[in-house]
Amino acid sequence: MPNEEPLLVDVDGQRLRITHPTKVMFPDDGITKAEILQYYAAIAPVLLPHIHDRPVIIHAFPHGVTGRPYHRRWLAKNPPSFLSRVYLEDEDEYAPVVSTTADLLWVVNQDSVELHPWQSRTAHLHEPDLVVFDLDPGQGTPFDRTCEAALVIKEVLDQLGLASQAKTTGGKGIHVNVGVAPELDHDIVRDWVIRVAELIRQHRGDLFTTDYAHHRRVGKVLLDYNQNGYQRSTAGIYSVRPNPGAPVSAPVTWAEVASGTLTPDRFTIHTMPARIDALGDVAAALPSTHQHLPKLA
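Caption draft 1: Structural detail: helix 4 (residues 186-203). Taking 1.5 Å per residue, 18 residues should reach 26 Å; helix 4 reaches 26 Å between its end C-alpha atoms and fits that length. For helix 4, the full list of buried residues reads His186, Val189, Trp192, Val193, Val196, Ala197 and Ile200. The buried residues of helix 4 occupy an angular sector of 135° when the element is viewed end-on, so they sit on one face. For helix 4, exposure combined with an orientation more than 90 degrees from the buried face picks out Asp187 and Gln202. Close packing links the buried residues of helix 4 with strand 10 (130-137), helix 3 (143-159), strand 13 (208-209) and strand 14 (221-224). Capping the start of helix 4 is the job of one residue whose side-chain oxygen sits 3.1 Å from the backbone nitrogen of Asp187: Asp185.

The structure is reproduced here in structure tokens:
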């Protein structure tokens, strides 16, 4: 593998250099880097509308998912000329941006198994167009309780007049995403999420906690608001996760969340393309959903 010749492939009319395609990224499953790239190439048509023009944080696993990863927020030296990027004036750095399939596969080729896009796009870097309620179950909390928690979030958002979209995290949690108009800065949006989270915790303290101490989360679901903020990110929609079996952070319908049959390991790089073929993108409305956050009493 160290002497493996790179593959040169044409993507979007660009010549892309794929390095170490046979590198095993998931040792327990024998899944290679080429298979990860093939997955992302296959789902690019439904993925790109969600991450188009978003800066991404490269979360690289140079030694596979069982090795030590690293994060890179800025572009390394000599990126390809075709790669989309945005200049961050306050950092005096360029960040990679995913707008095309070529951009996407270049990022994944950096051993970035999972995608971490920003909650804002290049035209409005300081004003997010996505709000995230990250539901992280504590020790001993079954997945059906996390589904119950997601449905509570949906009910509250419904009452506020906000449409929402659920997705699995590829782990044991659920994300509830809300598409918003890019008109408020990250701090204002984060404060709004914190207020909603605290209101929910006060009414359903049996189910939710906003306490990050692990021993206080046992049997409950942490309502994590800290993924909202400038340069903050979560595993993006359709992202592969570095867990056994190569699970995917999959958008799901609210009917699926309420069904009692949803499991966190159902969606993987092997099953997701067929699901998309059958159902399309169940979150297709999210990128064009530009709602105004209501004032809270």
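From this point, the narrative continues.
Caption draft 2: Here's a closer look at a negative patch on the surface. A grouping of Glu89, Asp90, Glu91, Asp92 and Glu93 is seen on the molecular surface, where their side chains present a negatively charged patch. As for its placement among the helices and strands, Asp92 is situated in the loop between strand 7 (85-88) and strand 8 (93-98).

Caption draft 3: Expanded view of the packing of aromatic side chains. Tallied over the full model, the rule gives four aromatic pairs. Geometrically, the ring pair formed by Tyr87 and Tyr94 is tilted, given 5.1 Å between the ring centres and 55° between the ring planes. Judged by relative accessible area, which is 42%, Tyr94 ranks as partly exposed. Ring plane angle 75° and centroid distance 5.3 Å describe the contact between Trp118 and Tyr230, whose orientation is recorded as edge-to-face.

Caption draft 4: How the structure looks around the pairing of strand 7. Along strand 7, the buried face is formed by Val86 and Leu88; none of Arg85 and Tyr87, which line the opposite face, is buried. Here strand 7 pairs with strand 8 via four bridges, running antiparallel. In the sheet register, Val86 faces strand 8, and the bridge partner there is Ala95. Connecting strand 7 to the next strand, strand 8, in antiparallel fashion are four residues, including Asp92 with a positive phi near 55°.

Caption draft 5: Examining the pattern of salt bridges more closely. All told, the structure shown has 14 salt bridges when counted by the stated rule. With a closest N to O distance of 2.9 Å, Arg217 and Asp136 form a salt bridge. In this pair, Arg217 is assigned in the loop between strand 13 and strand 14 and Asp136 in strand 10, connecting sequence segments 81 residues apart. Classification of Asp136 as partly exposed rests on a relative accessible area of 30%. Of the charged contacts in the structure, one is a salt bridge between Glu256 and Arg275, with a shortest N-O distance of 2.9 Å. Of this pair, Glu256 sits in helix 5 (residues 254-258) while Arg275 sits in helix 6 (residues 272-279), placing them 19 residues apart in sequence. Overall, Arg275 belongs to the buried group, its relative accessible area being 13%. Within the structure, one salt-bridge network assembled from shared partners comprises Arg145, Glu148, Arg204 and Asp206.

Caption draft 6: How the structure looks around the environment of Ser112. Positionally, Ser112 belongs in the loop between helix 2 (101-109) and strand 9 (114-117). Judged by its relative accessible area of 1%, Ser112 is buried. Sequence separation of Ser112 and Leu7 is 105 residues, and the distance between their C-alpha atoms is 17 Å. When neighbours within four sequence positions are excluded, Ser112 is seen to be in contact with Ile58, His59, Ala60 and Val107. There is a polar contact of 3.2 Å between the side chain of Ser112 and the backbone nitrogen of His59.

Caption draft 7: Looking closely at the nonpolar core. Counting 77 residues, the largest nonpolar core has Tyr40, Leu104 and Phe133 as the members making the most contacts within it. With ten residues, helix 1 (residues 33-51) is the largest single contributor of residues to this core. Counting seven residues, the second-largest nonpolar core is a separate cluster that includes Ile57, Val86, Ala95 and Leu125.

About the criteria used
- Residues numbered from 1 in each chain as written.
- Predicted model: local features only at pLDDT ≥ 70, side-chain atom pairs only at ≥ 80, totals over all residues.
- Heavy atoms only, no water.
- Helix = DSSP H or I, 4+ residues; strand = E, 2+ residues; numbered from the N terminus.
- Expected span 1.5 Å × (residues − 1).
- Buried < 20%, exposed > 50% of the residue type's maximum accessible area, 1.4 Å probe, protein only.
- Arc of directions from axis to C-beta.
- Contact = heavy atoms within 4.5 Å.
- Polar contact = N/O pair within 3.5 Å; in protein donor to acceptor, adjacent residues only side chain to side chain.
- Patch = residues over 30% accessible without salt bridge, like charges linked within 9 Å, V, L, I, M, F, W, Y side chains within 5 Å.
- Areas by Shrake-Rupley, 256 points an atom, 1.4 Å probe, with all protein chains shown as cover.
- Salt bridge = Lys/Arg side-chain N within 4 Å of Asp/Glu carboxyl O.
- Lys, Arg positive; Asp, Glu negative; His and termini not counted.
- Charge placed at Lys NZ, Arg CZ, Asp CG, Glu CD.
- Phe/Tyr/Trp six-rings, centres within 6.5 Å; stacked < 30°, edge-to-face > 60°.
- Pairing = 2+ DSSP bridges.
- Core = buried A, V, L, I, M, F, W, Y, C linked by side-chain atoms within 4.5 Å.

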